[in-house]
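As a plain string of letters, each chain reads:
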Amino acid sequence: MTNTNITIYHNPACGTSRNTLELIRNSGVEPTIIHYLETPPSRETLESLIQAMGMPVRDLLRKNVPPYEVLGLAEERFSDEELVDAMLSHPLLINRPIVVTPLGTKLCRPSEVVLDILASPQQGAFTKEDGERVVDVKGHRIK
């Protein structure tokens, strides 16, 4: 495997995150893996990731986790800065996986979104943990 300047903000307990990591590895690359629940990004890094993805801050929030309900984050009254504060205080609120490559930064949900920002082609077939085939034996994306 080649080490490159690809980084994944990863949660190994998440199937989508695991599938995304394996798709990166299927391109012959070993990314830098940041277990963001254990090593949360700084404010500057998180804001930079959000800007690079070109998405509203609210779109990066995980809604199906306890801090979302407890903090009342569904309410529209929170500023972007307050939402970032919440994600920094409760990293579980950060949706994942986020992948950074020279071709772009994306929230890879579903996991095959990562294929849009990988420079190296897939080196073989890939099937997601749920059995969905994503890449054929020739390394081509299955639509």
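Residues numbered from 1 in each chain as written. Predicted model: local features only at pLDDT ≥ 70, side-chain atom pairs only at ≥ 80, totals over all residues. Heavy atoms only, no water.

1. Here's the deal with the pairing of strand E3 (residues 98–101)
- Both E3 and strand E4 (residues 104–107) contribute to a ladder of four bridges, which runs antiparallel. Within E4, the position partnered with Val-99 by the bridge is Lys-106.
- Once E3 ends, the chain turns through two residues before running back antiparallel as E4. (Pairing = 2+ DSSP bridges. Helix = DSSP H or I, 4+ residues; strand = E, 2+ residues; numbered from the N terminus.)

2. Structural notes on the environment of Ile-24
- Relative to the helices and strands, Ile-24 is located in helix H1 (residues 15–25).
- In this structure Ile-24 touches Ile-6, Ile-8, Val-29, Pro-31, Val-99, Val-114 and Leu-118, once residues within four positions along its chain are discounted. (Contact = heavy atoms within 4.5 Å.)

3. A word on the packing of helix H2 (residues 43–53) against helix H4 (residues 80–89)
- Running from N to C, H2 and H4 point in directions that differ by 120°, and their axes come no closer than 11 Å. With respect to each other, H2 and H4 are oriented oblique. The handedness of the crossing between H2 and H4 comes out as right-handed. For the pair H2 and H4, the contacting residues are Arg-43, Leu-46, Glu-47 and Ile-50 in the first and Glu-81, Val-84, Asp-85, Met-87 and Leu-88 in the second.
- Across the contact of H2 with H4, the residue classes tally to five nonpolar, no polar and four charged. (Axes fitted to C-alpha atoms, helices over the stretch in contact; angles between N-to-C directions. Parallel < 35°, antiparallel > 145°, perpendicular 65-115°, else oblique. Left-handed = near helix turned anticlockwise from the far one by under 90°. Nonpolar A, V, L, I, M, F, W, Y, C, P; charged D, E, K, R; others polar.)

4. A short note on the pattern of salt bridges
- Scanning all chains against the criterion turns up 10 salt bridges.
- With its nearest N and O atoms 2.7 Å apart, the salt bridge here joins Arg-18 to Glu-129. Of the two residues, Arg-18 is situated in helix H1 and Glu-129 in the loop between strand E5 (126–127) and strand E6 (133–135); the sequence distance between them amounts to 111 residues.
- Notably, a salt bridge pairs Asp-85 with Arg-43, separated by 1.8 Å at the nearest N-O pair. With a gap of 42 residues between them, Asp-85 in helix H4 and Arg-43 in helix H2 connect regions that are remote in the sequence.
- One network of salt bridges, in which partners are shared, links Glu-22, Arg-25 and Glu-30. (Salt bridge = Lys/Arg side-chain N within 4 Å of Asp/Glu carboxyl O.)

Honestly, that's just the spatial picture; any functional story needs more than this.
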